[in-house]
Amino acid sequence: MIYFEDIEVGAVSRFGSYPVTREEVIAFASKYDPQPFHLSDEAAAQTHFGRLSASGWHTCAMMMAMLVANMKDHEQAGLGSPGQEQLKWLTPVYPGDTLSVETEVLDKRVSASRPDMGLYRSRITVFNQDGVAVMTTIATGLIRTRPAA
């Protein structure tokens, strides 16, 4: 079990492999972001995307799926997150891409109001199969401190 005390500032982790499919791009966009360039090759061809592209919100969801899969592999005393900052979509994500994640711990502190809980901030970068960064954000995680023995 990973606790607050086990988190090291500066630590970098790389993980995940998420294949982006045309069917999922269209299904996600149909429900959550029905802009034409996420739904139609013809409409996308008329934009700077040039072809069907994933919604940025879909990219966030795919990132989250990889983060949760990694947390299952590396059990931690996580307590969720109060949010993200500086979310940036850097380059389009297309069907046929395969995404992966890199996290870097930026800082951490024990909660002033809850000494049984810590907070840490991480830069999260999502890459495509060519190593091109497609998205970046800074996330704050909440995690339990190690229980007294």
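For the structure itself, look to the data block above.
This structure is a prediction, so every number in the text was calculated from the model and none was measured. (Residues numbered from 1 in each chain as written. Predicted model: local features only at pLDDT ≥ 70, side-chain atom pairs only at ≥ 80, totals over all residues. Heavy atoms only, no water.)

Asker: It is not clear to me how the overall build of the protein chain should be interpreted in this structure. Could you clarify?
Answerer: Across its full length, the protein chain holds three helices and five strands. Moving toward the C terminus, one meets the helices and strands of the protein chain in the order β-α-α-α-β-β-β-β. Overall, the C-alpha framework of the protein chain stretches about 60 × 30 × 20 Å when taken along its three principal axes. Within the span of the protein chain, comprising 149 residues, buried residues form 38% of the whole. Here the contacts in the protein chain between residues at least 6 apart in sequence split such that 69% fall between residues at least 24 apart. As displayed, the protein chain offers around 8,300 Å² of accessible surface, 53% of which is attributable to carbon and sulfur atoms. Taking the average place of the 13 positive charges on the side chains of the protein chain and the average place of its 17 negative ones, the gap between the two points comes to 6 Å. (Helix = DSSP H or I, 4+ residues; strand = E, 2+ residues; numbered from the N terminus. Buried < 20%, exposed > 50% of the residue type's maximum accessible area, 1.4 Å probe, protein only. Contact = heavy atoms within 4.5 Å. Areas by Shrake-Rupley, 256 points an atom, 1.4 Å probe, with all protein chains shown as cover. Lys, Arg positive; Asp, Glu negative; His and termini not counted. Charge placed at Lys NZ, Arg CZ, Asp CG, Glu CD.)

Asker: Sorry, what's going on with the layout of surface pockets here?
Answerer: Take a probe with the size of a water molecule and roll it over the atoms, and the empty space left behind shows itself. Approximately 750 Å³ is the volume attributed to the largest pocket. Every residue lining the largest pocket is counted, 27 residues in all, and those nearest its centre are M71, Q76, T103, Y120 and S122. If you list the elements that add at least two residues to the lining of the largest pocket, you get β1 (12–19), α3 (56–73), β3 (98–110), β4 (117–127) and β5 (133–144). Per-class residue counts for the lining of the largest pocket are 13 nonpolar, 12 polar and two charged. (1 Å grid on protein atoms, 1.4 Å probe; cavity = no way out; pocket = protein on both sides within 12 Å on 5 of 7 lines; lining within 4 Å. Points joined across faces, edges and corners; volume = space filled by probe spheres on them. Nonpolar A, V, L, I, M, F, W, Y, C, P; charged D, E, K, R; others polar.)

Asker: Even after reading the chapter, I still don't get the side chain of S53, so can you show me in this structure?
Answerer: Inspection of the secondary structure puts S53 in the loop between α2 (41–45) and α3. When neighbours within four sequence positions are excluded, S53 is seen to be in contact with V25, F37, H38, P92, V93 and Y94.

Asker: Any chance you could explain the side chain of T140 here in plain terms?
Answerer: Tracing the backbone through its elements, the reader meets T140 in strand β5. You can call T140 buried: its relative accessible area is 13%. Here T140 is in contact with G80, S81, P82, G83, E85, L119, Y120 and R121, once residues within four sequence places are set aside.

Asker: Before we go on, may I ask you to explain the pairing of β5 in this structure?
Answerer: A regular strand carries its side chains on alternate faces of the sheet. Among the 12 residues that make up β5, 10 are buried, leaving the element largely enclosed by the rest of the structure. Direction of pairing for strand β2 (residues 83–89) relative to β5: antiparallel, over a ladder of five bridges. What sits directly across from Q84, in β5, is A139. Across 11 bridges, the pairing between β4 and β5 is antiparallel. By the bridge assignment for β5, S122 is matched with A139. Joining the antiparallel neighbours β4 and β5 is a turn of five residues, in which G131 adopts a positive phi near 80°. (Pairing = 2+ DSSP bridges.)

Asker: I keep staring at the packing of helix α1 (residues 22–32) against α3 and nothing clicks. Help me out?
Answerer: For any two helices packed against each other, the geometry comes down to the angle between their axes and how far apart the axes lie. Between α1 and α3, whose axes approach to 10 Å, the crossing angle comes to 115°. With respect to their mutual orientation, α1 and α3 come out roughly perpendicular. The element α1 and its partner α3 pack so that their crossing is right-handed. Contacts from E24, V25 and F28 of α1 reach α3 at W57, H58, A61 and M62. (Axes fitted to C-alpha atoms, helices over the stretch in contact; angles between N-to-C directions. Parallel < 35°, antiparallel > 145°, perpendicular 65-115°, else oblique. Left-handed = near helix turned anticlockwise from the far one by under 90°.)

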